[in-house]
Structure formats: C-alpha cells, structure tokens
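Read off the chains here:
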Amino acid sequence: MAGKLTFTMIKPRAVKDNHIGEILKMINEAGFVIKAMKFTKLSVDQASAFYVVHQGKPFYEKLVEFMSSGPIVAALLEKENAVEDFRQLIGATNPENAAEGTVRKLYATSMTENAVHGSDSDENAMIEADFFFSKTERF
Ligand code: CMP
C-alpha cells in the first residue's frame, strides 16, 4: 500500500531565483499538507551524506557542491499516494523531459539545478525526513 508521506527540498537555485512561494503554492494546490518545514543550508558533509546513494556516479560531486551552495527549503508532505503524486507534480529529473505545467518544467534550469528534490520511495521518504526533522518538528 502506498504511503502518505514524501519529502522534498526546494534547491538552492530555485531559492535564489525567488521561487519558494510559487513552488509551495503548487504543492498546496495539489493537495499536499505540510507536516514539517525548515529553511536551512547544507554543509558539504551534510549534502554528501544526504546523496550518499549516488556516491561514485559522475554527477555526485557537482550535485553535492550545488546542494551546499546556498539555502534550501526542506519539507515533509502528506497526501494519499504521496511519493508517486509528488513525482507527477514535479516532473522528470531532467527538466528537458518534464511535462508542461510541472514544477521542474516551470522552474528548473538544468538536471543538477532541477528546482526540487522528491523522494523516490516510501522507504527513502522516511530516511530523508529523519535526516532533517526530529519528532518535535513534525506536526
Ligand atoms: P534529485 O531528485 O535531487 O535526486 C538526485 C539528483 O541527482 C537529481 O535530483 C538530479 O539533480 C541529480 N541527477 C540525477 N541524475 C543525474 C545525471 N544523470 N546528471 C546530473 N545530475 C543528475
């Protein structure tokens, strides 16, 4: 059975380009409820750890450098079928392949700077949420 929670980050370039409000509006209008949220900046070590599953891939170092280059918004979101529905909302990882009207089609500038992160499974949503939020930070 699909879970009700997913995790997202609004990435540094979308924050820098002042798209936090528009992206959160799209998330709310798609029916997601914000259960936890944080405006923060990842250190190189934290970004390396968050994306450790990609360690060794050709894009890993660039991704870590970018994700630690400026503030991000991290959020835990609730909705039925959360992981899949959120991936539909944000569109393909590569913005060139993202469907019209998706977050990445509207706000991503490249594969690395692709506006938002979205969990790829219920299990990873929990791992990613635990990375950012304690029990007292979830509502
Ligand atoms: P995200 O959803 O944050 O999860 C992992 C990130 O790695 C992904 O978004 C992209 O930003 C990046 N990524 C994945 N595949 C590639 C790739 N082939 N080239 C460059 N970056 C990639």
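Below or above, wherever it landed, is the structure these notes cover. These figures come from a predicted structure and were not determined experimentally. (Residues numbered from 1 in each chain as written. Predicted model: local features only at pLDDT ≥ 70, side-chain atom pairs only at ≥ 80, totals over all residues. Heavy atoms only, no water.)

1. Notes on the site of the ligand
Phase 1: The full set of residues close to the ligand is Lys11, Tyr51, His54, Phe59, Leu63, Thr93, Arg104, Met111, Thr112, Asn114, His117 and Gly118.
Phase 2: Measuring from an oxygen atom of the ligand, one finds a side-chain N or O atom of Lys11 at 2.7 Å.
Phase 3: At 2.7 Å from an oxygen atom of the ligand is found a main-chain nitrogen or oxygen belonging to Met111.
Phase 4: Computed on the free molecule, the ligand has an accessible area of 450 Å², of which 78% lies beneath the protein chains in the complex.
Phase 5: Within the shell around the ligand, the residues separate by chemical class into four nonpolar, six polar and two charged. (Near = heavy atom within 4 Å. Polar contact = N/O pair within 3.5 Å; in protein donor to acceptor, adjacent residues only side chain to side chain. Areas by Shrake-Rupley, 256 points an atom, 1.4 Å probe, with all protein chains shown as cover. Nonpolar A, V, L, I, M, F, W, Y, C, P; charged D, E, K, R; others polar.)

2. Thoughts on helix 2 (residues 20-29)
Owing to its 3.6 residues per turn, the α-helix brings residues three or four apart onto one side.
Phase 1: Of all the positions in helix 2, only Ile23, Leu24, Met26 and Ile27 are classed as buried. Viewed end-on, helix 2 has its buried residues packed into an arc of 155°, placing them on one side of the element. Turned more than 90 degrees from where helix 2 packs its buried face, Lys25 and Glu29 sit exposed.
Phase 2: Taken from the residues just after helix 2, Gly31 is the one with a positive phi, measuring 100°. (Buried < 20%, exposed > 50% of the residue type's maximum accessible area, 1.4 Å probe, protein only. Helix = DSSP H or I, 4+ residues; strand = E, 2+ residues; numbered from the N terminus. Arc of directions from axis to C-beta.)

3. Considering the pattern of salt bridges
Phase 1: Counted according to the given criterion, the structure contains nine salt bridges.
Phase 2: Between Glu137 and Lys38 there is a salt bridge, and its shortest N-O distance comes to 3.1 Å. Here Glu137, found in the segment after helix 7 (122-132), pairs with Lys38, found in strand 2 (residues 33-40); they are 99 residues apart in sequence, far enough to count as distant.
Phase 3: Taking relative accessible area as the criterion, Glu137 reaches 30% and is therefore assigned partly exposed.
Phase 4: One salt bridge in this structure joins Glu100 and Lys105, with 3.8 Å as the shortest N-O distance.
Phase 5: One salt-bridge network, in which partners are shared between bridges, spans Arg13, Asp17 and Glu113. (Salt bridge = Lys/Arg side-chain N within 4 Å of Asp/Glu carboxyl O.)

4. Some thoughts on the packing of aromatic side chains
Phase 1: With the rule as written, the count across this model stands at nine aromatic pairs.
Phase 2: For the pair Phe50 and Phe132, a centre-to-centre distance of 5.9 Å together with 65° between the ring planes defines the contact as edge-to-face. Remark: Phe132 occurs in helix 7 and Phe50 occurs in helix 3 (residues 44-50); sequence separation between them is 82 residues. In terms of burial, Phe50 and Phe132 fall into one category: buried.
Phase 3: Between the aromatic rings of Phe132 and Phe133, the centroid separation amounts to 6.2 Å while the plane-to-plane angle is 45°, which identifies the pairing as tilted. (Phe/Tyr/Trp six-rings, centres within 6.5 Å; stacked < 30°, edge-to-face > 60°.)

5. As for the sheet that holds strand 1 (residues 5-10)
Phase 1: Across the sheet, which stays open at both edges, the four strands sit in the order 2-3-1-4 with antiparallel pairing between neighbours. Where the open sheet ends on each side, the last strands, each with one partner, are strand 2 and strand 4 (116-118). Geometrically, the sheet is characterised by an average inter-axis angle of 15° between neighbouring strands, direction not taken into account.
Phase 2: The sheet contact formed by strand 1 and strand 3 (residues 72-78) spans six bridges and is antiparallel. Directly across from Leu5, in strand 3, lies its bridge partner Glu78.
Phase 3: Contacting strand 1, strand 2, strand 3 and strand 4, helix 2 runs over the sheet at an angle of about 165° to strand 2. (Pairing = 2+ DSSP bridges. Axes fitted to C-alpha atoms, helices over the stretch in contact; angles between N-to-C directions. Contact = heavy atoms within 4.5 Å.)

6. Re the side chain of Thr6
Phase 1: With respect to the helices, strands and loops of the structure, Thr6 is situated in strand 1.
Phase 2: Not counting residues within four places of it along the chain, the set of residues in contact with Thr6 comprises Phe32, Ala75, Leu76, Leu77, Ala82, Val83, Phe86, Ser119 and Ala125.

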